[in-house]
Amino acid sequence: MNNVEKMTDIVAKFVAYTAKKLPDDVIAKLEELGAKEDSPMAKVIYETMFRNQELAVKLDRPSCQDTGVLQFWVKCGTKFPLIDDLEALLKEAVVKATFEAPLRHNSVETFDEYNTGKNVGKGTPTVFWDIVPHSDKCEIYTYMAGGGCTLPGQAMVLMPGEGYEGVTKFVLDRMTSYGLNACPPLLVGVGVATSVETAALLSKKALMRPIGSHNPNERAAKMEKLLEDGINAIGIGPQGMGGKYSVLGVNIENTARHPSAIGVAVNVGCWSHRRGHIIFDKDLNYEITSHSGVIL
Ligand code: SF4
């Protein structure tokens, strides 16, 4: 097996694994929220989620039928030996995982309207690149973007006078209209930048951050907390059936922006937030930081 085949195989196995087992931070937060809910319905829903996780591993099946469109956030060193092969091998890894896991077929060619049956197509899986100069490592976040949790996504550009109140209204409006459909409790990613595309990318990137992490700017971190409290106060609760907690967290990512515009976007992860994180060195030794005790 050459190195391209070796890395393809590792990524395929990791993707298949993440379909069945949630990351450690998500499990810990679900346990914390489940323990704090006191309505019988909320308790039953959390118990069902934990039972789902047990059975997915025991029966070796994806924990949710919607295994999503695969997205990869790659931070690749310019000296990583397989940088030239990476995009093609990630695509091949998705095909392999689709048949080996198995994963539901979720890649429909737009305009031609047929399902490719392999979870890959024009531009899928999506690969977002960050190039890291002078590094020989490759860090990959894997993400299964399900349909329900993708639906609340929205981006727009606010007038500057709308300020942070405008950002808050934008996020809360999405939560009260579409939050319910996305299998709460939700991880809410918010991007604040200049334009729709910069804000949108940041709002999805925010979902790669661990639950409980904070924006390094203390005002942004305060806004994360205020939004979290505000969305919890709506009372959506687990699976939208009512409860004290509606979110796993709110992560804001931002850049500097044009003074005349506030680009804002929201993206949502569901309770089944299938995010993985794996780091390869130049010899393809790897470390998985999102899930403990993984044997691929
Ligand atoms: S929102 Fe998440 S848990 Fe609900 S069906 Fe979609 S992927 Fe599955």
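Quick caveat: nothing in here was measured; it's all calculated off a predicted structure. (Residues numbered from 1 in each chain as written. Predicted model: local features only at pLDDT ≥ 70, side-chain atom pairs only at ≥ 80, totals over all residues. Heavy atoms only, no water.)

Some details on the environment of Thr-67
For step 1, the next point in the chain: Inspection of the secondary structure assignment puts Thr-67 in the loop between α3 (40–59) and β1 (69–77).
For step 2, the next point in the chain: Put simply, Thr-67 and Glu-253 are 186 residues apart on the chain and 26 Å apart in space, counted from C-alpha to C-alpha.
For step 3, the next point in the chain: Among residues more than four places away in sequence, those in contact with Thr-67 are Ala-19, Pro-62, Leu-103, Arg-104, Asn-106, Met-144 and Arg-274.
For step 4, the next point in the chain: A polar contact of 2.9 Å, which involves the side chain of Thr-67, links it to the backbone nitrogen of Arg-104. (Helix = DSSP H or I, 4+ residues; strand = E, 2+ residues; numbered from the N terminus. Contact = heavy atoms within 4.5 Å. Polar contact = N/O pair within 3.5 Å; in protein donor to acceptor, adjacent residues only side chain to side chain.)

Structural notes on the domain arrangement of the protein chain
Note on interface size: it is often stated as the accessible area lost on association of the parts.
For step 1, the next point in the chain: Taken domain by domain, the protein chain consists of domain 1 (1–146 + 272–296) and domain 2 (148–269).
For step 2, the next point in the chain: Of note, the centres of domain 1 and domain 2, computed from C-alpha atoms alone, are 23 Å apart.
For step 3, the next point in the chain: Between domain 1 and domain 2, the residue contacts involve 25 residues of the former and 25 residues of the latter.
For step 4, the next point in the chain: Together, the buried faces of domain 1 and domain 2 total about 2,100 Å²; carbon and sulfur atoms form 65% of this surface.
For step 5, the next point in the chain: Interface area lost by domain 1 to domain 2 is led by Glu-37, Trp-73 and His-273, which between them contribute 24%.
For step 6, the next point in the chain: Note that Asp-130 is salt-bridged to Lys-205, the shortest N-O span being 3.0 Å.
For step 7, the next point in the chain: There are twelve residue pairs in polar contact (both at pLDDT 80 or more) connecting domain 1 and domain 2.
For step 8, the next point in the chain: Broken down by secondary-structure element, the contributors of at least two residues to the side of domain 1 that touches domain 2 are α2 (24–36), α3, β1, β4 (126–132) and β5 (138–145).
For step 9, the next point in the chain: When the residues that make up the side of domain 1 that touches domain 2 are grouped by side-chain class, the tally is 13 nonpolar, four polar and eight charged. (Domains from an automatic or database assignment. Buried area = accessible area lost by both parts, 1.4 Å probe. Salt bridge = Lys/Arg side-chain N within 4 Å of Asp/Glu carboxyl O. Nonpolar A, V, L, I, M, F, W, Y, C, P; charged D, E, K, R; others polar.)

Quick notes on the sheet that holds strand β9 (residues 262–269)
For step 1, the next point in the chain: Across the sheet, four strands lie side by side as β6-β9-β7-β8; this open sheet has mixed pairing. Strands at the two margins of the open sheet, each flanked by one partner only, are β6 (154–158) and β8 (247–254). Here the strands of the sheet are splayed against their neighbours by 15° on average, with no regard to which way each runs.
For step 2, the next point in the chain: In terms of strand pairing, β6 meets β9 through five bridges, oriented antiparallel. Each residue of the ladder has a partner; that of Gln-154, found in β9, is Val-266.
For step 3, the next point in the chain: Here helix α6 (residues 163–178) sits on the sheet in contact with β6, β7 (186–193) and β9, set at roughly 30° to β9. (Pairing = 2+ DSSP bridges. Axes fitted to C-alpha atoms, helices over the stretch in contact; angles between N-to-C directions.)

Overview of α2
For step 1, the next point in the chain: For α2, built from 13 residues, the straight-helix expectation of 18 Å at 1.5 Å per residue is met to within 8% by its first-to-last C-alpha distance of 19 Å.
For step 2, the next point in the chain: For α2, the full list of buried residues reads Asp-25, Val-26, Ile-27, Lys-29, Leu-30, Leu-33 and Gly-34.
For step 3, the next point in the chain: Those residues of α2 that are buried lie in contact with α3, β8 and β10 (275–280). (Expected span 1.5 Å × (residues − 1). Buried < 20%, exposed > 50% of the residue type's maximum accessible area, 1.4 Å probe, protein only.)

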